[in-house]
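What the coordinates show
Each chain, letter by letter, is given below.
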Amino acid sequence: MGRKEPRIDAYIADSAEFAKPILRELRSIVHEACPEVEETMKWSFPHFMYEGMLCSMASFKEHCAFGFWREKEIVPGGAARNAEATGHLGRREYVEWITEARREETRDRRVAQALEWMAEGKPRNWKYM
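Model, not experiment: these values are computed from the prediction. (Residues numbered from 1 in each chain as written. Predicted model: local features only at pLDDT ≥ 70, side-chain atom pairs only at ≥ 80, totals over all residues. Heavy atoms only, no water.)

**Quick word on the packing of aromatic side chains**
In this structure the tally under the stated criterion is 3 aromatic pairs. With a centroid separation of 5.9 Å and 25 degrees between ring planes, the pair formed by W43 and W69 is classed as stacked. With W43 in the loop between strand 1 (38–42) and strand 2 (45–49) and W69 in the loop between strand 4 (64–68) and helix 3 (71–74), this pair connects stretches of sequence that are 26 residues apart. Given the relative accessible area of 45%, W69 is considered partly exposed. The interplanar angle of 85 degrees and the centroid separation of 5.4 Å between the aromatic rings of F66 and F68 together place this pair among those described as edge-to-face. Look at F66 and you get buried, because its relative accessible area is 15%. Given the relative accessible area of 26%, F68 is considered partly exposed. Lying across the ring of W97, R124 places its NZ or CZ 4.0 Å from the centre. (Phe/Tyr/Trp six-rings, centres within 6.5 Å; stacked < 30°, edge-to-face > 60°. Helix = DSSP H or I, 4+ residues; strand = E, 2+ residues; numbered from the N terminus. Buried < 20%, exposed > 50% of the residue type's maximum accessible area, 1.4 Å probe, protein only. Lys NZ or Arg CZ within 6 Å of the ring centre and 35° of its normal.)

See below:
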């Protein structure tokens, strides 16, 4: 089983309120997809290691970021396919949609839905395009 880093718990706790559920969910997904992953802090933000750097995440004032370090080796289709999906991660339209929810259950549901849509490379209002 992978090693969890207490400094990442602190990083998430110190992040903006909108970012906390997103970072928790991303962390959970990484551990679910790669149980042997180890966490560390590099350049003052969370990184996940598996046979070298695997991916990282960060939170900022108004958005979050997530990216793979070796995406050509990990994602079928390589960088071109993944760039489309990661380009939408943390966009204002998703952040506002998530943070405007009043109930925690609604926020959690929206975070899960947003992650699914972003992984598919869909913008927030893709249904209306």
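**A word on the nonpolar core**
Judged by nonpolar contacts, the single largest core of 28 residues is most densely connected at I22, L23 and M57. Among the secondary structure elements, those contributing two or more residues to this core are helix 1 (6–13), helix 2 (19–33), strand 3 (53–59), strand 4, helix 5 (92–99) and helix 6 (104–119). Setting aside anything within four residues of it in sequence, one finds I22 in contact with C64, I98 and V111. (Core = buried A, V, L, I, M, F, W, Y, C linked by side-chain atoms within 4.5 Å. Contact = heavy atoms within 4.5 Å.)

**Focus: the packing of helix 2 against helix 6**
With their axes 10 Å apart at the nearest point, helix 2 and helix 6 run at an angle of 55 degrees to one another. Here helix 6 runs oblique to helix 2, going by the angle between their axes. Crossing of helix 2 over helix 6 shows right-handed handedness. For the pair helix 2 and helix 6, the contacting residues are P21, I22, E25, L26 and I29 in the first and D108, V111 and L115 in the second. Looking at the contact of helix 2 with helix 6 residue by residue, the classes come out as 6 nonpolar, no polar and 2 charged. (Axes fitted to C-alpha atoms, helices over the stretch in contact; angles between N-to-C directions. Parallel < 35°, antiparallel > 145°, perpendicular 65-115°, else oblique. Left-handed = near helix turned anticlockwise from the far one by under 90°. Nonpolar A, V, L, I, M, F, W, Y, C, P; charged D, E, K, R; others polar.)

**Describing helix 5**
For helix 5, the set of buried residues is Y94, V95, W97 and I98. On an axial view of helix 5, the arc spanned by its buried residues comes to 165 degrees, and they lie on one face. Elements in contact with the buried residues of helix 5: helix 2 and helix 6. (Arc of directions from axis to C-beta.)

**Topic: the packing of helix 5 against helix 6**
Contact pair helix 5 / helix 6: the axes reach a minimum separation of 9 Å and the direction vectors enclose 160 degrees. Between helix 5 and helix 6, the crossing angle belongs to the class labelled roughly antiparallel. Regarding helix 5 and helix 6, the two cross each other, and that crossing is right-handed. In contact with Y94, W97 and I98 of helix 5, helix 6 contributes R107, R110, V111, Q113, A114, W117 and M118. Broken down by class, the residue content of the contact of helix 5 with helix 6 amounts to 7 nonpolar, 1 polar and 2 charged.

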